[in-house]
Amino acid sequence: MATDVRKPPIAPTPPAAVEDERQWGKVTTPRTLLSRALSVPLALGFTVFLPLFVAVQTGAGKHDAAFWLQLLLTMYAGARLSAMVLTSRRKLLQGSFWLFVYMAMGVAPLAQAVLGQVPTPVVGPRSDLTAAIGLVLLGCTAFDVGALLARHRPAGRAGGSQKVSRPIMAHRRRLKLLTVISFLCSAVFVMKLGGPAVFFSSRQEIIAGIQEAGISDGDGQAGQALLRGFGTVPALLSLLLYTRWLITSKFARRKVSVIVTWAALAALNLVVNNPISNPRYWFLTVMFALLFTIFPVSAAMYRVALSMAVIVALLVFPFADRFRYDEKNYRPVETTSFLEPMALKDYDQIGMFANTITYSNSGPGHSYGRQLAGSIFFAVPRSVWPGKAKDTGVMVGQWMGTVNTNLSSPIWAELWLDFGPIGMGAGLLGIGYASARVDRRYAKRATRRSPPGSLISVVVPLVAGYSFILLRGPLLQASGRVAIAGLCLALVATYRQDRATTLR
C-alpha cells in the first residue's frame, strides 16, 4: 500500500523578515524593477554622457596627459557613484565619498581643464598637475580595495557563531542635559556676535563679529573654531536625536514636552545653522543629516538624494555664495556657459593638490605626521605650542602669495604631504574599509524595528554629511566640530536598555 507522504506546510514569512530581505535586496518589488529599468540610462549618464559632454566643449585648455587622466578619473568616479545609487543597500558613507569625488575631483576639474581656467592659480609645472590627478585616481582605487576587504568579515567563534555587540543607545536624561547645554552654548554664540539679526545678514558679518569679540587671534583659529563649534554642533545633534525620537516613537508623538522641545530646537537651529550665516558645506551637512534621519529606511530617498545632489552641485552650488558677502562686496556671476561657474568658483581641490606637490618639491618635503598632529590637537593654542602646524591650505596659500588663504586641502593632499604616496594609499584604503564596515552595520540596524534611541541611526547620517567637509579639507578647520560632536555623543551614549534610561 502506498504511503501518503505529505510535505509540511510552508510557514508564511514574517513581516520583519520580509523587511530585512527587502533591505538586503533579496525580494524583488515593483520599485526594484523600476530602479533596474533606470539603471542603464543613469549609469551611462554619470559615467559616459556627462563627462564626454563636458570634454567636447570648446575652450582654451590643453588636451595633454593631464586632460585625459582627468577624463578617466571622472568616468571612474561616475561608474562608482552609479553603483552607489543603484545598490540594493544604503551606503551613506561610500555614497558621500563618491559623490564628492565625482563633482569636486571629477566633473568640475574636467570643466576647468577644458576651459583652461581655474579658481585658484596652479603655480607649478604641468607635470605636478598630472601627478596630482594620478594620485587622486590611486587614492580612489585604494578606497575601493578597502571596501572590498571589508566584505571578508572575521570568522566566528566555535560553532560558527559570532559575538553580537550591544547597540549604543541615547540616554534619556543625558539627552535632556545635552539639550540644555545646546541652548546655553548657542545663546553665548548669539550674544557674542551681537544678537540673532547677525545670523540673517551674511557670513562676512559673522566673521566681523567674531573679530570684534576678540576671538580670532590672527593665524590661530582655535578660539573661533571652538565658539562656532559649540554654538552649532550640540544644537544640531539634539535636534537630530529628538527628530529620530519623534519619527520612531508613538509615545514621543503623544508627549507634549517632547514636541515642544523639538520645536524649540528647530527654531534654535534655524538661527545658528541656517544657510545664510554658515558655509555651504556645513549647511549641506545639516541637510544630509536631517534627510537621512527623517527617512532612515527609504531606499528611494537615498537614491534621489545622491542623484539630485549631482544636479544641485552643477547648477546651484556654484551660485550659492550669495550670502558670503554683504551687499557692497557681493559680485554676481556673469556667465554664458554652465561650465564657467565650476571653473571660477570653489572647486579648487585638484589644483590645490598640485600646488601642495609643488610646495613640497620646492624644499619643505613631507611633514611625516606634523600636519595631522596639528589637526588632532587643534585646541592647543599657539601660545602654548609655538611650533604647531598651520592649516595646510593656509600654509600653501601663503607660500603661493595669494591674498585669500581660505583654500581647500583635500584629504589626498593632507595624507600625501604627511606620509607620501604609500601613506596616502594606505590611509584611503583604511577609510574605504571603515566606511564599508560602518555602512554595513548601519544598513542592518537602521530599520523600522530599531529602537528610537539608536545612536548609529543619527551618527552615520551626520558623518555622511560632514564627510564633504573632511574630504575637502583642510583637516585643521574640520577638527573642531568633530571633537565637539564626539564629546556630545560621549555624554548621551549608553549601553543600558532599561525603561529608566532609554527613549520610548
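Counting starts from 1 at the beginning of each chain's written sequence and moves along it residue by residue. Thresholds applied to this predicted model are a pLDDT of at least 70 for local features of residues and 80 or more for the giving and counting of side-chain atom pairs; totals over whole chains, interfaces and linings are not thresholded and use all residues. Derived side-chain values reflect all non-hydrogen atoms in the structure, with water molecules and hydrogen atoms excluded from consideration.

1. Observations concerning empty space enclosed by the protein
Gaps left between atoms show up when a probe the size of a water molecule is rolled over them. Both cavities and pockets are sets of points on a 1 Å grid over the protein atoms alone; in a cavity a 1.4 Å probe fits but cannot get out, in a pocket the set is open with protein on both sides within 12 Å along at least five of seven lines, and lining residues sit with an atom within 4 Å of a point. Grid points are joined across faces, edges and corners, and a volume is the space filled by probe spheres set on the points. All told, the structure shown has four cavities of 30 Å³ or more when counted by the stated rule. Estimated volume of the second largest cavity: approximately 40 Å³. What lines the second largest cavity is simply Q371, L372, E414, L415, D418, F419 and L475. Elements are defined by DSSP. Helices are runs of H or I of four residues or more, strands are runs of E of two residues or more, and each kind is numbered from the N terminus. When contributions to the lining of the second largest cavity are tallied by element, the ones reaching two or more residues are α15 (370-376) and α17 (411-445). Top contributing element to the lining of the second largest cavity by residue count: α17, with four residues.

2. Some words on the side chain of S435
Within the element layout of this structure, S435 appears in helix α17. By definition in these notes, contact holds between two residues if any of their heavy atoms fall within 4.5 Å. Setting aside its immediate chain neighbours within four residues, S435 contacts L93, Q94 and F143.

3. With respect to the pattern of salt bridges
Note on pairing: side chains with opposite charge can pair once their charged atoms come close. Here, a salt bridge means any side-chain nitrogen of Lys or Arg that lies within 4 Å of a carboxyl oxygen of Asp or Glu. Taken as a whole and assessed by the stated rule, the structure comprises two salt bridges. Salt-bridge contacts for R80 lead to D144; the nearest nitrogen and oxygen are separated by 2.9 Å. Here D144 lies in helix α5 (residues 126-149) and R80 lies in helix α3 (residues 65-86), a separation of 64 residues in the sequence. Of the two residues, R80 and D144, both sit in the buried class. When a residue's accessible area, from a 1.4 Å probe over protein chains only, is under 20% of the maximum for its type it is buried; when over 50% it is exposed; and in between it is partly exposed.

4. A few points about the packing of aromatic side chains
Stacked, edge-to-face and tilted are the three classes for Phe, Tyr and Trp ring pairs, Trp counted by its six-membered ring, which pair at centre distances within 6.5 Å; planes under 30 degrees apart are stacked, over 60 edge-to-face, the rest tilted. Taken as a whole and judged by the stated rule, the model has 15 aromatic pairs. With a centroid separation of 5.6 Å and an interplanar angle of 50 degrees, the aromatic rings of Y242 and W245 are classed as tilted. Linking Y242 with W245, this pair stays in helix α8 (residues 222-248), spanning three residues, or about one helical turn. For the pair shown, Y242 and W245 are each scored as buried.

5. With respect to a nonpolar patch on the surface
Patch membership is restricted to residues that have no salt bridge and whose relative accessible area is over 30%. Joining uses 9 Å for like charges and 5 Å for the nonpolar side chains Val, Leu, Ile, Met, Phe, Trp and Tyr. Note on areas: Shrake-Rupley, 1.4 Å probe, and residue coverage restricted to the protein chains presented here. On the surface, a nonpolar cluster with roughly 500 Å² of combined accessible area is contributed by V304, M308, I311, V312, L315 and V316. Looking at where V304 falls in the secondary structure, it is placed in helix α12 (residues 299-315). Since its relative accessible area comes to 44%, V304 is described here as partly exposed.

6. Overview of unusual backbone geometry
Of note, the bond from G473 into P474 is cis; its omega dihedral lies within 30 degrees of zero at -5 degrees. Locating P474 in the fold gives a position in the loop between α18 (456-472) and α19 (475-492). Its identity is not glycine, yet Y368 carries a phi of approximately 55 degrees, on the positive side. One can find Y368 in the loop between α14 (349-361) and α15. Note on Y368: relative accessible area 66%, which makes it exposed.

7. A few points about a positive patch on the surface
As used throughout, the charge tally considers Lys and Arg to be positive and Asp and Glu to be negative, leaving His and the chain termini uncounted. A charged residue contributes its charge at one atom only: NZ of Lys, CZ of Arg, CG of Asp or CD of Glu. Side chains of R173, R174, K176, K255, R499 and R504 sit close together on the surface and give a patch of like positive charge. The residue R174 is located in helix α6 (residues 172-192) in this model. The class for R174 is partly exposed, based on a relative accessible area of 32%.

8. Details of the confidence of the model for the protein chain
Confidence of the predictor in every single residue is expressed as pLDDT, which spans 0 to 100. For the protein chain, per-residue confidence averages 82 on the pLDDT scale, and residues scoring 70 or more make up 81% of the total. Averaged pLDDT values over the elements of the protein chain bottom out at 42 in helix α1 (residues 15-23) and peak at 96 in α5. Across residues 1-34 the pLDDT falls below 50, and counting only partners more than four positions away or on other chains, this stretch makes 29 contacts in the model.

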